[in-house]
Amino acid sequence: KQPPRALPGALHLLLLGLLSLVGGCKGETAPPSAAPEVKQTSDAASPPPQPPALGAAPAGGDASSPEATQQARTLNMAGLALRKAGNNAGALAKYRDAVAIAPDFAPARYNLACELALAGEADAAMGHLEALHATGRADAITFVAHAALDTDFAKVAKDPRFEALQAVVAFR
């Protein structure tokens, strides 16, 4: 028998990050990132909106203020409680509000992507995952990598954009 091979450093860190995130949408398991906001509409006939230019600041400022981040954290936690209670529509609304207030708060953006994927809104869910990935921040990349293991993304797992994003993250 040969001894087990050591994992390359980056892969090891990625696996450790993934192990810290287990199943389903998460609360605040990673620090904030900088990702643009995606506005949603309820008009099924219109095409899904695309995220604004990457690095776009929240309305009225260059970055989310500590107060906005705290508000987003509170809304995210309220969304998690609603989801746990089975109120996915209520959770979706809270996550949208959190992202509108602090677009750079990665946990809320990831949870919003989860709810959108569960609702079958693949384009919107992918927009949020792509926005997280585009930041290049380790915390956001960890959320994107976790999506491959998250059953919330089962409806979009075969989407070529999802597969491509996961392939890029796997080799990061």
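Residues numbered from 1 in each chain as written. Predicted model: local features only at pLDDT ≥ 70, side-chain atom pairs only at ≥ 80, totals over all residues. Heavy atoms only, no water.

1. Some thoughts on the overall build of the protein
Helix and strand counts for the protein come out as seven helices and zero strands. Element order for the protein, N to C, with α for helix and β for strand: α-α-α-α-α-α-α. A buried classification covers 42% of the 172 residues belonging to the protein. Considering only intrachain contacts with a sequence separation of at least 6, the fraction spanning at least 24 residues in the protein is 68%. (Helix = DSSP H or I, 4+ residues; strand = E, 2+ residues; numbered from the N terminus. Buried < 20%, exposed > 50% of the residue type's maximum accessible area, 1.4 Å probe, protein only. Contact = heavy atoms within 4.5 Å.)

2. A few points about the nonpolar core
Ranked by size, the top nonpolar core spans 35 residues in total, and within it Tyr110, Leu129, Leu132, Phe153 and Phe162 carry the most contacts. Taken together, the elements giving at least two residues each to this core come down to α2 (66–84), α3 (88–101), α4 (106–118), α5 (122–134), α6 (138–147) and α7 (160–170). Residue contributions to this core peak at eight residues, all from α4. (Core = buried A, V, L, I, M, F, W, Y, C linked by side-chain atoms within 4.5 Å.)

3. Comments concerning the pattern of salt bridges
Counted according to the given criterion, the structure contains six salt bridges. When the shortest N-O distance is used, the salt bridge between arginine 83 and glutamate 115 registers 3.2 Å. Taken together, the residues span a long stretch of sequence, with arginine 83 in helix α2 and glutamate 115 in helix α4 at a distance of 32 residues. You can call glutamate 115 buried: its relative accessible area is 4%. Here arginine 83 ties to aspartate 152 by a salt bridge, and the two come within 2.9 Å at their closest N and O atoms. Of this pair, arginine 83 sits in helix α2 while aspartate 152 sits in the loop between α6 and α7, placing them 69 residues apart in sequence. Of the residues examined, aspartate 152 reaches a relative accessible area of 5% and is grouped as buried. One network of salt bridges, with partners in common, ties together Arg83, Glu115 and Asp152. (Salt bridge = Lys/Arg side-chain N within 4 Å of Asp/Glu carboxyl O.)

4. Structural notes on α5
With 13 residues, α5 should reach 18 Å at 1.5 Å per residue; the first-to-last C-alpha distance of 18 Å fits that figure. In terms of burial, α5 is a largely internal element, ten of the 13 residues being buried. Within α5, the full set of buried residues consists of Ala122, Ala124, Ala125, Met126, Gly127, His128, Leu129, Ala131, Leu132 and His133. The inward-facing, buried residues of α5 abut α3, α4, α6 and α7. (Expected span 1.5 Å × (residues − 1).)

5. Brief notes about α7
For α7, the complete set of buried residues consists of Phe162, Leu165, Gln166 and Val169. Relative to the axis of α7, the buried residues are bounded by an arc of 100° and lie together on one face. (Arc of directions from axis to C-beta.)

6. Focus on the packing of aromatic side chains
Applying the stated criterion to the full structure yields three aromatic pairs. Their ring planes at 20° and their centres at 5.9 Å tell us that phenylalanine 153 and phenylalanine 162 sit as a pair that is stacked. Overall, the relative accessible area of 1% leaves phenylalanine 153 in the buried class. Each residue in the set Tyr110, Phe143, Phe153 and Phe162 is aromatic and connected to the rest through ring pairs, giving one cluster. (Phe/Tyr/Trp six-rings, centres within 6.5 Å; stacked < 30°, edge-to-face > 60°.)

7. Topic: the confidence of the model for the protein
Averaged over all residues, the pLDDT of the protein is 75; the fraction at 70 or higher stands at 63%. Predicted confidence for residues 11–23 stays below pLDDT 50, and this span has 15 contacts to residues more than four positions away or in other chains. pLDDT under 50 marks residues 28–62. Its contacts with residues more than four places away, or in other chains, come to 70 contacts. (pLDDT = per-residue confidence, 0-100.)

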